[in-house]
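Structure at a glance
One-letter residues, chain by chain:
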Amino acid sequence: MRYSNLFGKTLREAPREEVSVNAQLLIKAGFIDKLMAGSFTLLPLGYRVKEKIEQIVREEMDATGANELLMPLLHPKEVWNETGRWETAKEVMYQFEKNKKEYALSFTHEEIVLDLIRKKVSGYKDLPVKIYHFSTKFRDEPRAKSGILRGREFLMKDLYSAHTSSEDLDKYYWQVADAYLRIYEKMNLKARIVEASGGVFTDSHTHEFQVLSDQGEDMIFYCEKCDFSQNKEVATVKVGDKCPKCGGVVKESRSIEVGNIFKFGTVYSEKMNVMFTDKDGTRKFPYFASYGIGITRLIGTLVELFHDDKGIVWPKAVAPYNVHLISIQDNEKGDKLYEELLAEGIEVLYDDREIGPGQKFNDADLVGIPVRLVVSPKTGDKIEYKERTSDKTELLSLEEVLKRLK
Ligand SMILES: [Zn+2]
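Here is a short report on the structure shown in this document.

Relative to the 28 Å expected for 20 residues at 1.5 Å per residue, helix α2 (residues 44-63) spans 29 Å between its end C-alpha atoms, a close match to the ideal helical length. Where α2 is concerned, the buried positions are L45, G46, V49, K50, K52, I53, E54, I56, V57, E60 and M61. Of the residues trailing α2, G65 is marked for its positive phi of about 90°.

If you want it as structure tokens, here you go:
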């Protein structure tokens, strides 16, 4: 992509009203635009990051045997009445009336999935069901002040599974938990599995995936020595206690929730009268669970964790491009290298603008692509190579650059 052709350029100043680092940097660097509090456009750069994150999530979900589909966002009141959540989830749900019929905008999809299962599943051979989609969620959010960490409209991957037994559900539940940990690891995030309460989803305990960060809205107790972690809301320990798992010391930290998984058992199946015929011919309720990862929230989390005073520092796996190419006073050289890199399958953001080198360097740091390449009359037949995480510049041949990028 030629930067001259990119929609959504960098801004000189971050908008003053934005208090969160993720919103300041993402808006300033041209990744997002704010329509209103909690409602953002993903500009082309932000959209590419979203696509990278989704692909990582998709690969891990598919590896668990799940099927991708796409469910609607406009729901009739009737389906929400079946579980009682039209009333109990009223605070978070956008509900409205049109031509004397009542609707909700999706804040989750349990009821929609169970309605599907009711239509498509008859016997035990049709189970387990494992289906997921990437789609928009709407949640009425009184405090939408954390940039894209907390939106009124946001992107999520939600997976749902239904099983013939609680044992089978348990097995899959922890398989998905492992997949989640791999997803975060691929983005350089160290996530902890935290015991938590289920909110408007379930009365029983659930598991959240939390990343330690001062910017987080959650508070967790955790052990540095092992994986023991509890959300403060449901904690049975306090700071300084002995870790119930390994005897280490319990610490406290703010954290950002980057995913959650819920086991519902047969509660929702019973409420919606979803049944299947088991091997012995008896009619039973399937065991049900759901699993969410906030995609746009992950973008915000990554920026909160990976930035410095110059801008964003994207982890390689989710950076919008592999390389930020800058030409200085020699666009002929820049154009040639741009074509050569593209031919090698490398994703390049090429700053071909007729502006001073200082601004190009500042923008490269702000946008945060992992590798910066510079060609100028000074670099001769070589290319200046610099990583975003380092101050060191090196003059390399094209072959050497390609080797580093592979
Ligand atoms: Zn421990």
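Relative to the helices and strands, K251 resides in strand β13 (residues 250-265). When the C-alpha atoms of K251 and K34 are compared, they prove to be 36 Å apart, with 217 residues separating the residues in sequence.

This paragraph deals with helix α9 (residues 331-343). With 13 residues, α9 ought to run about 18 Å at 1.5 Å a step, and its terminal C-alpha atoms sit 18 Å apart, in line with that. Every buried residue of α9 is accounted for by G334, L337, Y338 and L341. Relative to the axis of α9, the buried residues are bounded by an arc of 110° and lie together on one face. Those residues of α9 that are exposed and aimed more than 90 degrees away from the buried face are E332, K336 and A343. Here the buried face of α9 lies against β19 (323-327), β20 (348-351), β21 (371-375), β22 (383-387) and α11 (398-405).

All right, on to the pattern of salt bridges then. One pass over the full model with this rule turns up 35 salt bridges. Here K406 makes a salt bridge to E344, at a shortest N to O gap of 3.2 Å. Taken together, the residues K406 in the segment after α11 and E344 in the loop between α9 and β20 connect sequence positions 62 residues apart. By relative accessible area, K406 is classed as exposed at 64%. The exposure class of E344 is partly exposed, given its relative accessible area of 40%. The network of salt bridges with common partners includes E82, D115, R118 and K119.

If you trace the backbone, S229 turns up in strand β12 (residues 229-231). A polar contact is formed between the side chain of S229 and the side chain of R192, at a distance of 2.7 Å. When neighbours within four sequence positions are excluded, S229 is seen to be in contact with R192, I193, V194, E195, F221 and Y222.

This part covers the coordination of the zinc ion. For a metal with four tetrahedral donors the ideal donor-metal-donor angle is 109.5 degrees, whereas six octahedral donors ideally subtend 90 or 180 degrees. Taken together, the protein donors to the zinc ion comprise C223 (SG), C226 (SG), C243 (SG) and C246 (SG), at separations of 2.2 to 2.4 Å. Each of the four donor atoms bound to the zinc ion contributes to angles spanning 102 to 115°, and the resulting shape is tetrahedral. Site description for the zinc ion: donor spacing in sequence, C-x2-C-x16-C-x2-C. Highlighted residues: C226 in the loop between β11 (218-223) and β12 and C246 in the loop between β12 and β13, separated in sequence by 20 residues.

Here the focus is empty space enclosed by the protein. On inspection of all chains with the given rule, the structure shows one cavity of 30 Å³ or more. Forming the walls of the largest cavity are H324, A364, D365, I369, V371, R372, K386, E387 and R388. Where the lining of the largest cavity is concerned, the elements lending two or more residues are α10 (357-367), β21 and β22. Per-class residue counts for the lining of the largest cavity are three nonpolar, one polar and five charged.

It is worth spelling out the sheet that holds strand β6 (residues 101-105) at this point. Taken in spatial order, the three strands line up as β4-β6-β5 in an open sheet, and their pairing is antiparallel. What marks the edges here is a single partner per strand, and that holds for β4 (74-76) and β5 (94-98). Neighbour to neighbour, the strand axes of the sheet diverge by 35° on average, direction disregarded. As defined by bridge partners, β4 adjoins β6 across three bridges and the pair is classed as antiparallel. Bridge assignment links H75 to a residue of β6, and that residue is A104.

A word on the sheet that holds β19. Strands sit in the order β20-β19-β21-β22-β23 across an open sheet of five strands; the sheet is mixed. The outermost strands of the open sheet, each flanked by one partner alone, are β20 and β23 (393-396). Direction aside, neighbouring strands of the sheet carry axes that sit 25° apart on average. Direction of pairing for β21 relative to β22: antiparallel, over a ladder of four bridges. When the bridges of β22 are listed, L373 appears paired with Y385.

Quick look at the layout of surface pockets now. Taken as a whole, the largest pocket holds about 1,100 Å³ of empty space. Taken together, 42 residues make up the lining of the largest pocket; nearest its centre are R139, R150, E257, N260 and R297. A total of seven residues in the lining of the largest pocket trace back to one element, the largest contributor, which is β13. Residues that form the lining of the largest pocket fall into these classes: 15 nonpolar, 13 polar and 14 charged.

The rules we used
Residues numbered from 1 in each chain as written. Predicted model: local features only at pLDDT ≥ 70, side-chain atom pairs only at ≥ 80, totals over all residues. Heavy atoms only, no water. Helix = DSSP H or I, 4+ residues; strand = E, 2+ residues; numbered from the N terminus. Expected span 1.5 Å × (residues − 1). Buried < 20%, exposed > 50% of the residue type's maximum accessible area, 1.4 Å probe, protein only. Arc of directions from axis to C-beta. Contact = heavy atoms within 4.5 Å. Salt bridge = Lys/Arg side-chain N within 4 Å of Asp/Glu carboxyl O. Polar contact = N/O pair within 3.5 Å; in protein donor to acceptor, adjacent residues only side chain to side chain. Donors = N, O, S within 2.8 Å, 3.2 Å for Na, K, Ca; no water. Tetrahedral: all angles 85-135°; square planar, octahedral: opposite > 155°, others 65-115°. 1 Å grid on protein atoms, 1.4 Å probe; cavity = no way out; pocket = protein on both sides within 12 Å on 5 of 7 lines; lining within 4 Å. Points joined across faces, edges and corners; volume = space filled by probe spheres on them. Nonpolar A, V, L, I, M, F, W, Y, C, P; charged D, E, K, R; others polar. Pairing = 2+ DSSP bridges. Axes fitted to C-alpha atoms, helices over the stretch in contact; angles between N-to-C directions.

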